[in-house]
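Chains, contacts and geometry: an overview
Read off the chains here:
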Amino acid sequence: MSKPLEGVYAALTTPFAGDEIAADKLRDNVQKYNRTDLAGYLVLGSTGESVSLTDGESLQLVEAVVAAASPEKKILVGTARESTKGTIDFTNSLTGRGIAAALVRPPSYFMSKMTREALKTHYLAVAEASKLPVLIYNIPQNTGIMLDPQLVIELAAHPNIAGLKESSGSLAFLGEVGLRVPADFHYFLGSGHVIYPGLEMGADGAILAVANAAPELCAEIFKLFRAGKKEEARRLQFELIPLNKMVMESYGISGLKYAQDARGYYGGPVRLPLLPVEEKGRQEIAALL
């Protein structure tokens, strides 16, 4: 069954010129990505260094992507703030801009108090008040919070919770959730390592950092799989794994931005406290590309 948001999305990086955002460079990147088979773009995700941006900068970046994206490309926006009210307010500030859904990670500063009940209350309050469909975001490597699959299943019953981005890379999570959520619930993979096996298990697509540097490859895996050319899709998955491992596990966002530069996109610097990739990393990434 086709779903409205299915496909592969690039979790966009945020271009900087010095320590200022470079919205023009973001527009340029998106115009190049428009020529690929990506389903759309996530703005202000983890890869976009969203926690290092002001609300004003965040809105400028959203506006840049909205202006540059082709009409057929769907736009997702990371809207989480540490308070429920802040999340709702920022999410609803985006209405009327053509945003398809809001991606909401769990609040984590008061991590020890983020009980199952606290998280459930938070997500239900956001879903109830949000004027945009809500995607739950599980990214324990950044938040320190691993969402309970049963909690996701319960939240999926809310009519305004449209799906999940699962970035732990756990296929077991998909196995627990996939068959127990409504038919219109979107399950997005958040790791480039598991696109093919995740699709085999029923995932609806992926939202990927590595798609900034290899958008054609990421989108082609999905396209081939849906066309029934599974052996070709599986081979491309094996090709993607070394790049994904190097830029996302070994060197992180600064390595990914260097890979973007090498591919003809604008990666540029990261914002402190992140540090640039060192020469050894640049050489390894360039050799792999």
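A few points on the structure. (Residues numbered from 1 in each chain as written. Predicted model: local features only at pLDDT ≥ 70, side-chain atom pairs only at ≥ 80, totals over all residues. Heavy atoms only, no water.)

Focus: the nonpolar core
Counting residues in hydrophobic clusters, the biggest one holds 80 residues, and the most contacted among them are L12 and Y41. Of all hydrophobic cores here, the second largest spans 14 residues; its members include A11, A39, A101 and I207. (Core = buried A, V, L, I, M, F, W, Y, C linked by side-chain atoms within 4.5 Å. Buried < 20%, exposed > 50% of the residue type's maximum accessible area, 1.4 Å probe, protein only.)

A short note on the pattern of salt bridges
Scanning the model with the defined rule gives 20 salt bridges in all. In this structure, R271 engages E57 in a salt bridge whose closest nitrogen and oxygen atoms are separated by 3.0 Å. Of this pair, R271 sits in the loop between helix 11 (252-262) and helix 12 (279-288) while E57 sits in helix 2 (residues 55-68); the two residues are 214 residues apart in sequence, bridging distant segments of the chain. Residues R271 and E57 agree in their burial class; the two are buried. (Salt bridge = Lys/Arg side-chain N within 4 Å of Asp/Glu carboxyl O. Helix = DSSP H or I, 4+ residues; strand = E, 2+ residues; numbered from the N terminus.)

With respect to the packing of helix 3 (residues 84-92) against helix 4 (residues 116-129)
Remark: helix 3 packs on helix 4, axes separated minimally by 10 Å, with the N-to-C direction vectors making an angle of 30 degrees. Between helix 3 and helix 4, the crossing angle belongs to the class labelled roughly parallel. Here the hand of the crossing between helix 3 and helix 4 comes out right-handed. Residues T84, T87, I88 and N92 of helix 3 form the contact with helix 4, whose participating residues are H122, A125, V126 and A129. Looking at side-chain class alone, the contact of helix 3 with helix 4 contains four nonpolar, four polar and no charged residues. (Axes fitted to C-alpha atoms, helices over the stretch in contact; angles between N-to-C directions. Parallel < 35°, antiparallel > 145°, perpendicular 65-115°, else oblique. Left-handed = near helix turned anticlockwise from the far one by under 90°. Contact = heavy atoms within 4.5 Å. Nonpolar A, V, L, I, M, F, W, Y, C, P; charged D, E, K, R; others polar.)

Notes on the sheet that holds strand 9 (residues 186-189)
In spatial order, the strands read 1-4-5-6-7-8-9-10; together these eight strands close into a barrel with parallel pairing. The mean inter-strand angle of the sheet, taken between neighbouring strand axes irrespective of direction, is 25 degrees. Pairing between strand 5 (residues 74-78) and strand 6 (residues 101-104): three bridges, direction parallel. Of the residues in strand 6, the one forming a bridge with G78 is L103. Against the sheet, helix 9 (residues 215-226) touches strand 1 (7-11) and strand 10 (205-208), its axis set at about 165 degrees to strand 1. (Pairing = 2+ DSSP bridges.)

Brief notes about unusual backbone geometry
Of the consecutive residues L272 and P273, the connecting peptide bond is found in the cis state with omega at 20 degrees. Position of P273 among the secondary structure elements: in the loop between helix 11 and helix 12. Of note, the phi angle at L44 is positive, near 65 degrees, even though the residue is not glycine. By the secondary structure assignment, L44 is in the loop between strand 4 (40-43) and helix 2. L44 sits in the buried class, given a relative accessible area of 5%. The phi torsion at E49 lies on the positive side, around 55 degrees, for a residue other than glycine. Assignment of secondary structure puts E49 in the loop between strand 4 and helix 2.

Some thoughts on the packing of aromatic side chains
Two descriptors summarise a pair of aromatic rings, namely the distance from one centre to the other and the angle between the planes of the rings. One pass over the structure, following the stated rule, counts five aromatic pairs. On the basis of an interplanar angle of 90 degrees and a centroid distance of 5.2 Å, the ring pair of Y109 and F110 is categorised as edge-to-face. A relative accessible area of 65% means that Y109 is categorised as exposed. The class for F110 is exposed, based on a relative accessible area of 56%. Clustering of aromatic rings is evident, with ring pairs tying together Y33, Y41 and Y265. Directly above the ring of F90 sits R81, whose terminal nitrogen or CZ lies 4.0 Å from the centroid. (Phe/Tyr/Trp six-rings, centres within 6.5 Å; stacked < 30°, edge-to-face > 60°. Lys NZ or Arg CZ within 6 Å of the ring centre and 35° of its normal.)

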